[in-house]
Amino acid sequence: MSIAVRAHSLVKTYGHGDTAVRARDGAGLTIPAGQFAAVMGPSGSGKSTLMHALAGLDGVDAGRVLLGDVDVTRLSERQRTLLRRDRVGFVFQSFNLVPTLTAAENIHLPLTLAGRRPDTAWVDRLVSTLGLRNRLHHRPAQLSGGQQQRVAVARALAGRPETVFADEPTGNLDSRSGEALLGFLRHAARDLGQTIVMVTHDPHAASYADRVVFLADGRVVDELAEPTVAGVLSHMSELEPAAKEH
Ligand code: ADP
Ligand code: MG
């Protein structure tokens, strides 16, 4: 079995000692190629920080991240940029679309930057599945939050990168668009061998994944294979006893 993502002993600190991700008994994680993994945990538990570190978007203070056989933590800034461009898709929690470009131009941007020719049939299928057909010529400011989020997902998947990281990709979607996206992500992993790491707060979204990894206080504290909604909920209530009171 080949490994898509491997991280161990990660430490990431912000500013003066605000440690977002901690190494002790493991900010360590291994994601096999072709797996659809969900990452869950309370707000502030380090999910976004971990995703940025895994995708080579941010440096880390200690530990290692390997994407395939490349040690991201040993690359220069420029090498990381190229690795991201060629091998990684990222759906940002805040979308990060380019405001002056249309939806179609945003979707094609990673390919344009890499000088790669788009697989038109594939991009077409993404656009249909994500319900963006009649929004392609709009700029981000002319799109709803959910539409912008779907453009961000299409952009991440357009070049069929080895690994897609998606930070709460259904956070702004109504349930119908959410189902379409989750079903598509599951299909991409199961049938097309796409590796996907998705942060979510939603047990239903997590149940589409092959596996759920739970973070608390910057550490991987638990995981669950073949998750069901009930299984995820019961893990969450064990890990977040205080949350039940609110
Ligand atoms: P999550 O995505 O699980 O909500 P984050 O990874 O965004 O958590 O944040 C983890 C911790 O790191 C939080 O305590 C957060 O306040 C802190 N943090 C995140 N980004 C920054 C930053 N740029 N500067 C300072 N602290 C940050
Ligand atoms: Mg986050």
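Everything discussed here concerns the structure shown above.
Residues numbered from 1 in each chain as written. Chains lettered and ligands numbered in written order. Predicted model: local features only at pLDDT ≥ 70, side-chain atom pairs only at ≥ 80, totals over all residues. Heavy atoms only, no water.

### Some words on the packing of helix α4 (residues 120-129) against helix α5 (residues 145-158)
- Where α4 contacts α5, the two axes come as close as 10 Å, and the packing angle between them is 160°. By the angle class used here, α4 and α5 are roughly antiparallel. Where α4 crosses over α5, the two elements pack in a sense that is right-handed. Where α4 approaches α5, its residues W122, V123 and L126 are matched on the opposing element by A154, L157 and A158.
- The residue makeup of the contact of α4 with α5, split by class, is six nonpolar, no polar and no charged. (Axes fitted to C-alpha atoms, helices over the stretch in contact; angles between N-to-C directions. Helix = DSSP H or I, 4+ residues; strand = E, 2+ residues; numbered from the N terminus. Parallel < 35°, antiparallel > 145°, perpendicular 65-115°, else oblique. Left-handed = near helix turned anticlockwise from the far one by under 90°. Contact = heavy atoms within 4.5 Å. Nonpolar A, V, L, I, M, F, W, Y, C, P; charged D, E, K, R; others polar.)

### Overview of the site of ligand 1
- Ligand 1 sits among ten residues. The nearest are G44, G46, K47, S48 and T49.
- Interatomic distance of 2.9 Å between a backbone N/O atom of S48 and an oxygen atom of ligand 1.
- Summarising the interface, the protein chains cover 56% of the accessible area of ligand 1, which totals 560 Å² for the free molecule.
- For the shell around ligand 1, the element with the most residues is helix α1 (residues 47-54), which contributes three residues. (Near = heavy atom within 4 Å. Polar contact = N/O pair within 3.5 Å; in protein donor to acceptor, adjacent residues only side chain to side chain. Areas by Shrake-Rupley, 256 points an atom, 1.4 Å probe, with all protein chains shown as cover.)

### Details of the coordination of the magnesium ion (ligand 2)
- Taken together, S48 (OG) and Q93 (OE1) make up the full set of protein donors to the magnesium ion (ligand 2), lying 2.1 to 2.6 Å away. Residue S48 is found in helix α1, and its partner Q93 is found in the loop between β7 (88-91) and α3 (103-114); the two are separated by 45 residues along the sequence. (Donors = N, O, S within 2.8 Å, 3.2 Å for Na, K, Ca; no water.)

### What about helix α6 (residues 175-192)?
- Relative to the 26 Å expected for 18 residues at 1.5 Å per residue, α6 spans 24 Å between its end C-alpha atoms, a close match to the ideal helical length.
- Buried residues of α6: S177, G178, L181, L182, F184, L185, A188 and A189, and no others. End-on, the buried residues of α6 take up no more than an arc of 160°, which puts them together on one face. Exposed and oriented more than 90 degrees from the buried face of α6 are S175, R176, R190 and D191.
- Considering only its buried residues, α6 is in contact with β4 (36-40), α4, α5, β9 (195-199) and α7 (203-206).
- Between a side-chain oxygen at the N-terminus of α6 and the backbone nitrogen of R176 the separation is 3.1 Å; the capping residue is D174.
- Just past α6, the residue G193 takes up positive phi, approximately 75°. (Expected span 1.5 Å × (residues − 1). Buried < 20%, exposed > 50% of the residue type's maximum accessible area, 1.4 Å probe, protein only. Arc of directions from axis to C-beta.)

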